[in-house]
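# Examination of the molecular architecture
Here are the chains, one letter per residue:
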Amino acid sequence: VLQSEDLTSFRLTIEGQFHATIHMAIGGTTDCKFSLRTAIKKWPHLTGFFEGFALLLNTLYRTFMQEHVITDPKFSKEDYTGKVNHKMPSHATVTQRNQSISPLMVCPDYCSLDTPFSECACSCPSLDNKLASGELHKYLAYKHLDRSGVFGMLNSEVSTNKHLAQDANGTYRFVNMTEDENSELLVFLLMAICHPGKMGQYGTPLAATNDPLFWPTHSSWGRLWAYVRLSPDFDSFNNSWQNESPNCQGMYELHDTLPFKNFLPGEDGDKFYSNKELIDLFDPKNPKLPYMYSGFQWSHCANISDALHPLFTVGP
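Described in the following lines is the structure provided in the data block. Keep in mind it's a predicted model, so treat the numbers as computed, not measured.

## Details of the packing of aromatic side chains
Counted according to the given criterion, the structure contains 19 aromatic pairs. Between Phe10 and Phe237, the ring centres sit 6.3 Å apart and the planes meet at 90°, which makes this aromatic pair edge-to-face. Pair noted here: Phe10 is in helix H1 (residues 7-27) and Phe237 is in the loop between helix H12 (214-230) and helix H13 (275-281), with a separation of 227 residues, a long-range link. With a relative accessible area of 6%, Phe10 lands in the buried category.

## Some thoughts on empty space enclosed by the protein
As enumerated under the stated definition, the model contains 1 cavity of 30 Å³ or more in all. Considering only enclosed or pocket space, the largest cavity measures out at about 40 Å³ in volume. The wall of the largest cavity is formed by Cys32, Phe34, Leu36, Phe53, Leu57, Tyr61 and Ala192. For the lining of the largest cavity, the per-class residue count stands at 7 nonpolar, no polar and no charged.

## What about the side chain of Ser4?
Locating Ser4 in the fold gives a position in the segment before H1. For Ser4, the contacting residues outside a window of four places in its chain are Ser9, Phe10, Thr13, Phe234 and Phe237.

## Focus on the environment of Phe214
With respect to the helices and strands, Phe214 occurs in helix H12. Residue class for Phe214 comes out buried when judged on its relative accessible area of 14%. Expressed as a C-alpha distance, the spacing of Phe214 and His23, which sit 191 residues apart in the sequence, is 8.6 Å. Not counting residues within four places of it along the chain, the set of residues in contact with Phe214 comprises His23, Tyr202, Ala208 and Thr209.

## Topic: H12
Along an α-helix, residues three or four apart share an orientation, since each turn contains 3.6 residues. Between the first and last C-alpha of H12 there are 25 Å, a value that for 17 residues agrees with the 24 Å anticipated at 1.5 Å per step. Where burial is concerned, most of H12 is hidden: 12 out of the 17 residues are buried. Taken as a whole, H12 has its buried residues at Phe214, Thr217, His218, Ser220, Trp221, Arg223, Leu224, Trp225, Ala226, Tyr227, Val228 and Arg229. Among the structural elements, H1 and H13 are those in contact with the buried residues of H12.

## A word on unusual backbone geometry
Backbone geometry places Asp31, a non-glycine residue, at a positive phi of 55°. The topology assignment puts Asp31 in the loop between strand S1 (29-30) and helix H2 (36-42). Its relative accessible area of 48% is what places Asp31 among the partly exposed residues. Its identity as a non-glycine residue notwithstanding, Asn176 has a phi of 55°, on the positive side. By the secondary structure assignment, Asn176 is in the loop between strand S5 (172-174) and helix H11 (179-194).

## Focus: the packing of helix H7 (residues 125-133) against H11
Direction vectors running N to C along H7 and H11 enclose 145°, while the axes themselves pass 11 Å from each other. In terms of crossing hand, the pair formed by H7 and H11 is left-handed. For the pair formed by H7 and H11, the contact residues are Leu127, Asp128 and Leu131 on the first element and Val187, Leu190, Met191 and Cys194 on the second. Residues of the contact of H7 with H11, tallied by class, amount to 6 nonpolar, no polar and 1 charged.

## Digging into the environment of Gly152
Looking at the element boundaries, Gly152 is found in helix H9 (residues 150-156). Along the primary structure Gly152 and Tyr172 are separated by 20 residues, whereas in three dimensions their C-alpha atoms are 9.7 Å apart.

## Looking at the nonpolar core
Core analysis: the largest hydrophobic core is formed by 42 residues, its most contacted members being Phe50, Phe53, Leu127, Leu185 and Leu189. No other element matches the 10 residues that H11 contributes to this core. Not counting chain neighbours up to four residues away, the residues in contact with Leu189 comprise Phe49, Phe50, Phe53, Leu145 and Phe174. Tyr227, Phe234, Phe237 and Ile279 belong to the second-largest nonpolar core, a separate cluster that totals 19 residues.

## Topic: the packing of helix H8 (residues 138-147) against H11
One way to put it is that H8 packs onto H11 with a least axis distance of 9 Å and a crossing angle of 50°. As judged from the angle between their axes, H8 and H11 are oblique. H8 and H11 meet at a crossing whose hand is left-handed. Each of Lys138, Ala141, Tyr142, His144 and Leu145 in H8 lies in contact with H11, whose residues at this interface are Glu179, Ser183, Leu186, Val187, Leu189, Leu190 and Ile193. Residues that form the contact of H8 with H11 fall into these classes: 8 nonpolar, 2 polar and 2 charged.

Calculation notes
- Residues numbered from 1 in each chain as written.
- Predicted model: local features only at pLDDT ≥ 70, side-chain atom pairs only at ≥ 80, totals over all residues.
- Heavy atoms only, no water.
- Phe/Tyr/Trp six-rings, centres within 6.5 Å; stacked < 30°, edge-to-face > 60°.
- Helix = DSSP H or I, 4+ residues; strand = E, 2+ residues; numbered from the N terminus.
- Buried < 20%, exposed > 50% of the residue type's maximum accessible area, 1.4 Å probe, protein only.
- 1 Å grid on protein atoms, 1.4 Å probe; cavity = no way out; pocket = protein on both sides within 12 Å on 5 of 7 lines; lining within 4 Å.
- Points joined across faces, edges and corners; volume = space filled by probe spheres on them.
- Nonpolar A, V, L, I, M, F, W, Y, C, P; charged D, E, K, R; others polar.
- Contact = heavy atoms within 4.5 Å.
- Expected span 1.5 Å × (residues − 1).
- Axes fitted to C-alpha atoms, helices over the stretch in contact; angles between N-to-C directions.
- Left-handed = near helix turned anticlockwise from the far one by under 90°.
- Core = buried A, V, L, I, M, F, W, Y, C linked by side-chain atoms within 4.5 Å.
- Parallel < 35°, antiparallel > 145°, perpendicular 65-115°, else oblique.

What follows is the structure in structure tokens.
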């Protein structure tokens with residue numbers, strides 16, 4: 001984070017390497033049908049890859065669900081055999097109806113509190129059938145992983161991208177592995193994502209605030225931003241705003257408004273803040289800011305590595 005040279009890379013690093021991973025590192029997932037521990041025993045040289053994969057599971061689960069999931073009030077897994085032109089239930093998404101294919105992932109619409117997780121979890125019955133019959137080959141696994149953006153996410157994560165390579169056609173493969181090992185790993189990754197485990201609260205987007213750790217971790221990012229804006233070490237830091245998503249409208253431009261208002265004492269209007277106003281509001285030199293950080297030392301991190309930024313050493 002503190003190696004960033006501009007506001008854009010600072011935000012991307014905070015969001016992608018700090019924020020996203022810490023949620024899964026603390027929250028975790030349990031009761032996974034396809035265990036990463038088993039995979040590490042089989043491929044010990046991929047331990048780092050599977051660690052990164054585990055830290056991405058929150059996002060991988062949700063991305064895969066957006067593409068493939070359907071909720072079924074009756075939850076009869078036997079109805080979903082993966083046959084083309086399978087009749088779509090009335091609650092299928094428009095995309096699923098237009099494609100005239102059965103959903104890969106089926107999730108119950110409701111489970112009672114005493115229902116075992118194994119009977120309530122999402123799954124991919126059509127792929128389970130293919131796996132059992134030996135018909136789940138690497139080409140089908142690759143197709144579903146690629147279609148769901150899994151390779152893009154793995155390629156963007158430092159601990160996983162070093163295990164991936166692309167050929168001239170842009171096809172991904174795992175390095176230092178035989179063709180058979182590549183095939184087996186593709187199938188394993190698809191099935192691991194296709195059978196989500198039980199997420200810890202901190203690992204989910206809506207329940208994370210129930211965990212007391214949510215608040216000190218998230219305020220740490222504001223503290224880092226304040227440090228960057230105050231320290232002479234960052235005099236050359238580029239604070240200009242860059243729209244990272246030019247095709248998205250509504251919240252990405254400097255003067256676009258966000259759904260936040262009335263942060264300061266005495267404010268009670270209906271005017272929402274813009275990105276520019278929030279940047280100015282959270283400036284640690286802003287006299288209207290109703291708080292300040294007492295210091296910028298993380299002394300408990302000082303012994304982790306000699307290569308850490310001076311911020312993490314014990315200061316005066």
